[in-house]
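Chain residues, written in single-letter form:
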Amino acid sequence: MEGAMPNFVIECPPVVALPVAGTAARFPVRRVYCIGRNYAAHAIEMGHDPDREDPFFFQKNPDNLDPSGRFPYPPMSGDVHHEAEMAVMLKSGGRNIPVDRALECVFGYAPALDMTRRDLQGEQKKLGRPWEIGKAFEGSAPVGPIHPAAEIGHPDQGRIGLSVNGEVRQEGDLNQMIWKVPEQIAYLSEYYELAAGDVILSGTPSGVAAVARGDVMEVTIAGLETLRVAVV
Ligand code: MN
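Residues numbered from 1 in each chain as written. Predicted model: local features only at pLDDT ≥ 70, side-chain atom pairs only at ≥ 80, totals over all residues. Heavy atoms only, no water.

Undergrad: I keep staring at the overall build of the protein chain and nothing clicks. Help me out?
TA: Scanning the protein chain from N- to C-terminus turns up 5 helices and 18 strands. Against the 2.2 N^0.38 benchmark of 17 Å for 232 residues, the protein chain shows a C-alpha radius of gyration of 17 Å, consistent with a compact globule. Over its C-alpha atoms, taken along the principal directions, the protein chain stretches across nearly 55 × 40 × 40 Å. Per-residue burial for the protein chain yields a buried fraction of 50% across its 232 residues. Of the contacts formed within the protein chain by residues at least 6 apart in sequence, a portion of 75% connects residues at least 24 apart. Carbon and sulfur atoms make up 52% of the accessible area of the protein chain, which amounts to about 11200 Å² in all. With 21 positive and 31 negative side-chain charges, the protein chain shows a spacing of 3 Å between the two charge centroids. (Helix = DSSP H or I, 4+ residues; strand = E, 2+ residues; numbered from the N terminus. Rg over C-alpha atoms; globule rule 2.2 N^0.38 Å. Buried < 20%, exposed > 50% of the residue type's maximum accessible area, 1.4 Å probe, protein only. Contact = heavy atoms within 4.5 Å. Areas by Shrake-Rupley, 256 points an atom, 1.4 Å probe, with all protein chains shown as cover. Lys, Arg positive; Asp, Glu negative; His and termini not counted. Charge placed at Lys NZ, Arg CZ, Asp CG, Glu CD.)

Right under this line is the structure:
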């Protein structure tokens, strides 16, 4: 086996692979796209107009996805927020995917968190700079087991919520997404070539707030396993 390996000059970084519910199989990750302000009530709480303007996306790194159930409080921030989101995992992709064929690309769905260094994001926004420092850091996307669409279908309604230490903080319904999952896929595919292994975080309902070490976050999405994450 070793003889067949390519001749890399350093040790090959590990492939990020996420658990699939109920099996030992794993989903390998290629890219991570995240949509911003995709629930009206959250757009309003962040000080924006909830009108249906074009969606916008930012990216996290594949190895920011973390299925361990532990969120290490990141450095250089004193205001780290939870954003409960449904993650969409693609099994195929392409360019210019029509909305009515977009769901054919979906492998499955998982509960996830878009953890955000809100203070750093706010500074970057003010300066007109990119958001990466607030969004794409180690462990910034805790994720639960993936439920294949072949088993659960394509969730487009039902409760999405987040509690911290048992107290409900975020609450919404998947049907409140401004841009629905097929529209997100179609839109992204106009700008990027999507492919198997891509992950889309589909936005968060209102109620985002800060966490502290010792907190336990729970993301519940109708039809998916609950994601429990300890802030350590
Ligand atoms: Mn988000």
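Undergrad: Teacher, can you tell me more about the packing of aromatic side chains here?
TA: The full count for this structure, using the stated rule, is 8 aromatic pairs. Relative to Tyr 192, the ring of Tyr 33 lies with its centre 4.9 Å away and its plane at 45 degrees, an arrangement referred to as tilted. On the criterion of sequence distance, the pair formed by Tyr 33 in strand E3 (residues 32-35) and Tyr 192 in the loop between helix H5 (181-191) and strand E15 (199-201) is long-range, its members being 159 residues apart. Grouping aromatic residues by their ring pairs yields a cluster made of Phe 57, Trp 179, Tyr 187 and Tyr 191. (Phe/Tyr/Trp six-rings, centres within 6.5 Å; stacked < 30°, edge-to-face > 60°.)

Undergrad: How should I be thinking about the sheet that holds E3 in this particular structure?
TA: Note: strands within a sheet are paired through backbone hydrogen bonds, in either parallel or antiparallel orientation. If you walk across this open sheet you meet the 6 strands as E4-E3-E15-E8-E9-E12, and the pairing is mixed. Bordering the open sheet on either side are strand E4 (57-60) and strand E12 (147-148), each of which pairs with just one other strand. Each of E3, E4, strand E8 (84-90), strand E9 (106-113) and E15 touches H5; the most contacted strand, E15, lies at about 120 degrees to it. (Pairing = 2+ DSSP bridges. Axes fitted to C-alpha atoms, helices over the stretch in contact; angles between N-to-C directions.)

Undergrad: Looking at this structure, I do not really get the sheet that holds strand E18 (residues 227-231). What am I missing?
TA: Strand order across the open sheet formed by 5 strands is E6-E18-E17-E13-E14, with mixed pairing between neighbours. Both outer strands of the open sheet, strand E6 (70-71) and strand E14 (167-173), are each paired with one neighbouring strand and no more. As paired elements, E6 and E18 share 2 bridges and run parallel to each other. For Phe 71, the partnering residue across the bridge sits in E18 and is Val 231.

Undergrad: Before we go on, may I ask you to explain the side chain of Asp 114 in this structure?
TA: Inspection of the secondary structure assignment puts Asp 114 in the loop between E9 and strand E10 (116-117). Judged by relative accessible area, which is 0%, Asp 114 ranks as buried. A distance of 2.9 Å separates polar atoms of two side chains, one belonging to Asp 114 and the other to Lys 135. Leaving out residues up to four positions away in the same chain, Asp 114 has contacts with Phe 58, Lys 60, His 81, His 82, Glu 83, Glu 85, Lys 135, Ser 140 and Leu 201. (Polar contact = N/O pair within 3.5 Å; in protein donor to acceptor, adjacent residues only side chain to side chain.)

Undergrad: Mind showing me how you'd approach the side chain of Ser 77 here?
TA: Structurally, the position occupied by Ser 77 is in the loop between E6 and strand E7 (80-82). Of note is the side chain of Ser 77, whose polar atom sits 2.7 Å from the side chain of Asp 119. Look past the residues within four positions of Ser 77 in its chain and what remains in contact with it is Arg 117 and Asp 119.

Undergrad: I would appreciate a short explanation of the coordination of the manganese ion in the present structure.
TA: Reference values for angles at a metal are 109.5 degrees in the four-donor tetrahedral case and 90 or 180 degrees in the six-donor octahedral case. Bound to the manganese ion are the protein donor atoms Glu 83 (OE), Glu 85 (OE) and Asp 114 (OD), situated 2.0 to 2.1 Å from the metal. Assessed through its relative accessible area of 1%, Glu 85 is described here as buried. (Donors = N, O, S within 2.8 Å, 3.2 Å for Na, K, Ca; no water.)

Undergrad: Sorry, what's going on with the pairing of E3 here?
TA: Every other side chain in a regular strand lies on the same face of the sheet, so the side chains alternate between the two faces. Of the two faces of E3, the one lined by Val 32 and Cys 34 and the one lined by Tyr 33 and Ile 35 are each fully buried. As judged from the 4 bridges shared by E3 and E4, these two strands associate in the antiparallel manner. Bridging across to E4, Cys 34 finds its partner in Phe 58. Bridging between E3 and E15 involves 3 bridges; their strand directions are parallel. Residue pairing in the sheet places Val 32 in a bridge with Val 199 of E15.

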